[in-house]
Amino acid sequence: MSKPKPKDRALPGNDNSGAAKAPRRAAAPRRRRSVYTPAEVHEIFRRFSVQRPEPKGELEHVNAFTLLVAVVLSAQATDAGVNKATRALFKIADTPQKMLALSEEELGRYIRTIGLWRNKAKNVIALSQALIRDHDGKVPDDREELVKLPGVGRKTANVVLNMAFGKHTMAVDTHIFRIGNRIGLAPGKTPEQVEAELVRIIPDEYMRHAHHWLILHGRYVCKARKPDCPACVIADICKSPEKTTSIPAPLVELAPQEIPQAL
Ligand code: SF4
């Protein structure tokens, strides 16, 4: 039997057979793209790289395991608050085995100044057990494996993959989500959409530090309440309707913790 030719097929809404019409499929929402050209994106990150050649994350850690623990503890807490608690903790527990040697109660004594500490202590003990059981006590460099660990979501996994393993991942936090949408660099309704667009547009050579540059830019310059545009080195490129100047701040290298200042 020959296959029906395309024109023989009944098309929804185009037959007189009296059969029930197939419902129209809603069009998939169009993914919003960056409003910047590749050359503009390149220039934005080139300037960030001049301003901070070696940006550092603010969470203190000594290896991949302590980074993972610090990121898990940092949910809904400040980096400074986490550092205060982990400085003493990581001196005695910088591997999953040593962490397990502490009881949940003992661990709690170190981290009880951090919000949600009871739940976080449970997760840190459970993720240490899982690392020993499933990964020979090592932190896996694979997102699918990382998100199986207790207390580890996509954002935490992306931070660890980027910082500990140099992978080209983008952990979208509140600052990066805001910048992506405010200036149209990577518009999206969800962190995943912003993440996908940033990973698509940021040149490879800048992916290693892009996450930190964007966080620092959001924390100190393109701030939530009111962007400090006169202190912004990309003010001439920025296409945000919220910007207050098109004159970029001088492009000079800053000390690690230095906050950019307006002229
Ligand atoms: S010019 Fe203003 S709105 Fe644009 S990125 Fe800089 S601080 Fe943000």
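Residues numbered from 1 in each chain as written. Predicted model: local features only at pLDDT ≥ 70, side-chain atom pairs only at ≥ 80, totals over all residues.

On to the overall build of the protein. What the protein contains, in helices and strands, is 11 helices and zero strands. Helices and strands in the protein line up, N terminus first, as α-α-α-α-α-α-α-α-α-α-α. Burial status across the protein gives 32% buried among its 263 residues. For the protein, restricting intrachain contacts to residue pairs at least 6 apart in sequence, the fraction spanning at least 24 positions comes to 56%. (Helix = DSSP H or I, 4+ residues; strand = E, 2+ residues; numbered from the N terminus. Buried ≥ 20, exposed ≤ 12 C-beta atoms within 10 Å, placed from the backbone. Contact = placed C-beta atoms within 7 Å.)

Quick look at the site of the ligand now. Around the ligand, a shell composed of 13 residues is seen, among which Cys222, Pro227, Cys229, Cys232 and Cys238 lie nearest. When the residues that make up the shell around the ligand are grouped by side-chain class, the tally is nine nonpolar, one polar and three charged. (Near = placed C-beta within 6 Å. Nonpolar A, V, L, I, M, F, W, Y, C, P; charged D, E, K, R; others polar.)

Relative to the 20 Å expected for 14 residues at 1.5 Å per residue, helix H3 (residues 79-92) spans 20 Å between its end C-alpha atoms, a close match to the ideal helical length. Where H3 bends most, at Thr86, the angle is about 40°. Of all the residues in H3, the buried ones are Val82, Thr86, Leu89 and Phe90. (Expected span 1.5 Å × (residues − 1). Bend = angle between axes of the 7 residues up to and from the residue.)

Time to look at the packing of helix H2 (residues 64-73) against helix H8 (residues 154-165). Angle between the axes and distance between the axes are the two parameters that describe a pair of packed helices. Where H2 contacts H8, the axes come no closer than 10 Å and their chain directions differ by 150°. By the criterion of interaxial angle, the relationship of H2 to H8 is roughly antiparallel. The handedness of the crossing between H2 and H8 comes out as right-handed. Here Ala64, Leu67, Leu68, Val71 and Val72 of H2 lie close against H8, whose contacting residues are Thr156, Val159, Val160, Met163 and Ala164. Residues that form the contact of H2 with H8 fall into these classes: nine nonpolar, one polar and no charged. (Axes fitted to C-alpha atoms, helices over the stretch in contact; angles between N-to-C directions. Parallel < 35°, antiparallel > 145°, perpendicular 65-115°, else oblique. Left-handed = near helix turned anticlockwise from the far one by under 90°.)

In this section: helix H6 (residues 117-135). For H6, which comprises 19 residues, the first-to-last C-alpha distance of 25 Å matches the rise-based estimate of 27 Å (1.5 Å per residue) to within 8%. Considering only its buried residues, H6 is in contact with H2, helix H4 (96-101) and helix H5 (104-111). Following H6 by one or two positions, Asp136 has its phi on the positive side, about 55°.

Turning next to the environment of Ser246. Its location among the elements puts Ser246 in the segment after helix H11 (204-220). Classification of Ser246 as exposed rests on a count of 10 C-beta atoms within 10 Å. As for Ser246 and Asp236, which are separated by 10 residues in sequence, their C-alpha atoms are 4.4 Å apart. Once you skip the residues sitting within four places of it in the chain, Ser246 turns out to touch Ala235 and Asp236.

Here we take up the nonpolar core. Core analysis: the largest hydrophobic core is formed by 62 residues, its most contacted members being Leu68, Val160 and Cys232. Lining this core are residues from two domains, each supplying at least three of them: domain 1 (38-53 + 169-251) and domain 2 (64-165). In this structure, Val160 is in contact with Ala64, Leu67, Leu68, Val71, Val139 and Leu146, ignoring residues within four places of it in sequence. (Core = buried A, V, L, I, M, F, W, Y, C linked by C-beta atoms within 7 Å. Domains from an automatic or database assignment.)

This part takes up the environment of Glu40. Mapped onto the fold, Glu40 is located in helix H1 (residues 38-51). Residues Glu40 and Cys238 lie 198 residues apart in sequence; the distance between their C-alpha atoms is 9.2 Å.

On to unusual backbone geometry, then. The phi angle at Leu116 is positive, at roughly 60°, despite the residue not being glycine. Tracing the backbone through its elements, the reader meets Leu116 in the loop between H5 and H6.

It is worth spelling out the confidence of the model for the protein at this point. Summing up the model confidence of the protein, the mean pLDDT is 89 and the portion of residues at 70 or higher is 87%. Counted against residues more than four places away or in other chains, residues 1-20, with its pLDDT under 50, gives five contacts. (pLDDT = per-residue confidence, 0-100.)

Structurally, the position occupied by Val160 is in helix H8. It is 8.9 Å that separates the C-alpha atoms of Val160 and Leu146, two residues lying 14 residues apart in sequence.

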